[in-house]
Amino acid sequence: DFPSYTDGLVEASPGGYITTTQVFAENAENIYNLKPRPDDVFVLTFPKSGTTWTQDLVWLLMNNCDFERSKIPLVIRSPFLEMNYYVPKALQEKYERDAIVSKMRLPAFLVDLMYRFNIMDVVRPAVMKIMNLVVGEAVRDLNQLERMKSPRVFKTHLPLYLLHPELLETSKVIYVARNPKDVIVSYFHFHKLMNQHKFTGDLESFADYFMKDRLYSSPYFPHLLDAWTKRHHPNLLFVFYEDLKRDLRGEILKIGRFLGKYPNEHQLNRMVEHLRIDKFANNKSVNFEHYRWLNFMSPDGRFIRKGKTGDWKNHFSPELNARIDDWMKSNLKDTDLSFITEL
Ligand code: A3P
């Protein structure tokens, strides 16, 4: 039942290691050296901590609450720094293809041939102009990140210690943390959902893999504590998922102040509405339903699942809960970091 992606352990200096994919291992140095810009924003998280939610929130703030453009898939608007770029490319092409077929009334096979023989790469700007179509420009490789227009909003699950050494001196970083009990449950469901993981074990064994740092992006505590110790840095904002749940409006304003963005009352109301779990789960640009037609995701279950704090109570046996409490206690003993585990 072991998740299949744990094919690389990357050593990094300074600060430690991460369990990661081979693709990242091959690119680690290039990513470490990617030059940060003063107007870049990095949404940095351990997986399942509210990344997508915060990423769309930040993108809206950085783009003057352009709800029209926010319909472009988030993976195109805001690159996932260390992941392979197949998804945004495939998604951009699907959107373009469907629009070209329906708007220009061209036979589908002809359009498919244009992609097949890379003709689209040449004629894309003209076609987009003729159709007045905005699908965004997908980042297809790491080099393209250098050419991407500012302001760039990145998603990354890399810990600070694997990112450019001058990142904090240069760009803004928003670190989102979520209590580990809900992260474990959310990550467990994600591993069942994703075809590439196809995790077949139970929650008990999954939690063991989690606590033994065997899962993608592990280890969890060094990831968090590295950011926690830097939380007073003027370019780092440490945000809790549970605070977003408790007071979304207040957290939008706080993140806005950090970024120097001040939405007006109307924009703020719209943002709160847009980011509410029920709306968000049905928003095609963020809910990862495209993973299904890419055959990455099983037919059952959803990427945006419950969005609750305290769901672990529906999953943990008293014994498992006690073991996780011990693990948390031993990892938190030298810090003043604490978590809210129920609301
Ligand atoms: P659950 O699996 O507990 O429901 P990430 O984006 O880092 O992968 O995090 C995914 C988690 O954030 C999922 O948790 C998902 O439901 C939750 N989430 C996503 N959008 C949310 C929203 N608008 N409000 C509350 N939780 C949200």
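The name given to the protein chain in an unreviewed UniProt entry is Sulfotransferase domain-containing protein, and the organism recorded there is Daphnia magna.

### Brief notes about the overall build of the protein chain
On a plain count of helices and strands, the protein chain comes out with 17 helices and six strands. Its C-alpha radius of gyration of 20 Å places the protein chain within 12% of the 20 Å reference for a compact globule of 343 residues. Dimensions along the principal axes, computed over C-alpha positions, put the protein chain at roughly 60 × 45 × 40 Å. Here the analysis covers contacts within the protein chain between residues at least 6 apart in sequence; of these, 75% occur between residues at least 24 apart.

### As for the packing of helix α2 (residues 51-62) against helix α13 (residues 248-259)
Remark: α2 packs on α13, axes separated minimally by 10 Å, with the N-to-C direction vectors making an angle of 50°. Regarding the angle of α2 to α13, the classification is oblique. Both α2 and α13 take part in a crossing whose hand is right-handed. Along its contact with α2, which presents L57, V58, L61 and M62, the element α13 presents I252, I255, G256 and L259. Among the residues forming the contact of α2 with α13, the class breakdown is seven nonpolar, one polar and no charged.

### What about the UniProt feature "domain: Sulfotransferase" (unreviewed entry) in the protein chain?
This chain's UniProt record puts "domain: Sulfotransferase" (unreviewed entry) on residues 38-335. Across residues 38-335 one finds 51% helix and 7% strand; the C-alpha atoms that close the span lie 30 Å apart.

### Here's the deal with helix α10 (residues 203-211)
Looking only at α10, the buried set comprises F206, A207, Y209, F210 and M211. Along its buried surface, α10 packs onto α9 (180-193) and α17 (318-332).

### Considerations on the site of the ligand
In the vicinity of the ligand, 19 residues are found, and the nearest of them are T51, T52, S186, R305 and G307. Secondary-structure elements contributing two or more residues to the shell around the ligand are α2, α9 and α15 (277-281). When its residues are assigned to classes, the shell around the ligand shows six nonpolar, eight polar and five charged.

### As for the environment of H157
Among the structural elements, H157 can be located in the loop between β4 (153-156) and α8 (167-170). The exposure class assigned to H157 is buried, which follows from the 23 C-beta atoms found within 10 Å. Between the alpha carbons of H157 and P47 there is a distance of 6.3 Å; along the sequence they are 110 residues apart. Ignoring anything within four residues of it in the chain, the contact list for H157 reads T45, F46, P47 and S217.

### Quick notes on unusual backbone geometry
S150 connects to P151 through a cis peptide bond whose omega is -5°. Assignment of secondary structure puts P151 in the loop between α7 (142-147) and β4. In the segment running from S218 into P219, the intervening peptide bond is cis, with an omega of 5°. Along the polypeptide, P219 turns up in the loop between α10 and α11 (220-229). Phi angles above zero are rare outside glycine, and D213 is one such case at about 65°.

### Some remarks on the domain arrangement of the protein chain
Looking at the protein chain, the domain boundaries give domain 1 (8-84 + 152-332) and domain 2 (86-138). Its C-alpha centre places domain 1 at a distance of 31 Å from the equivalent point of domain 2. Listed as interface residues are nine residues of domain 1 and, on the opposing side, ten residues of domain 2. Counting residues per element, the side of domain 1 that touches domain 2 draws most heavily on helix α3 (residues 74-77), which supplies three residues.

### A few points about the nonpolar core
Among the nonpolar cores identified, the biggest contains 53 residues, and V43, L57, V58, I174 and Y175 are the most heavily contacted of them. When residues of this core are assigned to their parent elements, the largest contribution, seven residues, is made by α2. Sequence-distant contacts of I174, defined by excluding residues within four places in its chain, comprise V41, V43, L44, T54, V58, L237, V239 and I255. In terms of nonpolar packing, the next biggest core, distinct from the first, is built from six residues, L74, L91, A138 and V139 among them.

### As for the confidence of the model for the protein chain
Note that predicted coordinates carrying low pLDDT should not be read in detail. Put simply, the protein chain has an average pLDDT of 91, and 96% of its residues get 70 or more. Model confidence for the complex is summarised by a pTM of 0.93, with the ipTM given as 0.99.

### Section: helix α6 (residues 119-131)
Compared with an ideal rise of 1.5 Å per residue, which puts 13 residues at 18 Å, α6 spans 17 Å between its outermost C-alpha atoms and is within 8% of the ideal. Counted residue by residue, α6 has zero buried out of 13 residues, so it is predominantly exposed. Directly beyond the C-terminal end of α6, a positive phi value near 50° is found at N132.

### A closer look at the environment of P159
Here P159 is to be found in the loop between β4 and α8. Excluding residues that lie within four positions of it along the chain, P159 makes contacts with I18, P222, H223 and D226.

Rules used in this analysis
- Residues numbered from 1 in each chain as written.
- Predicted model: local features only at pLDDT ≥ 70, side-chain atom pairs only at ≥ 80, totals over all residues.
- Helix = DSSP H or I, 4+ residues; strand = E, 2+ residues; numbered from the N terminus.
- Rg over C-alpha atoms; globule rule 2.2 N^0.38 Å.
- Contact = placed C-beta atoms within 7 Å.
- Axes fitted to C-alpha atoms, helices over the stretch in contact; angles between N-to-C directions.
- Parallel < 35°, antiparallel > 145°, perpendicular 65-115°, else oblique.
- Left-handed = near helix turned anticlockwise from the far one by under 90°.
- Nonpolar A, V, L, I, M, F, W, Y, C, P; charged D, E, K, R; others polar.
- UniProt positions renumbered as here; feature names shortened; annotations may be inferred.
- Buried ≥ 20, exposed ≤ 12 C-beta atoms within 10 Å, placed from the backbone.
- Near = placed C-beta within 6 Å.
- Domains from an automatic or database assignment.
- Core = buried A, V, L, I, M, F, W, Y, C linked by C-beta atoms within 7 Å.
- pLDDT = per-residue confidence, 0-100.
- Expected span 1.5 Å × (residues − 1).

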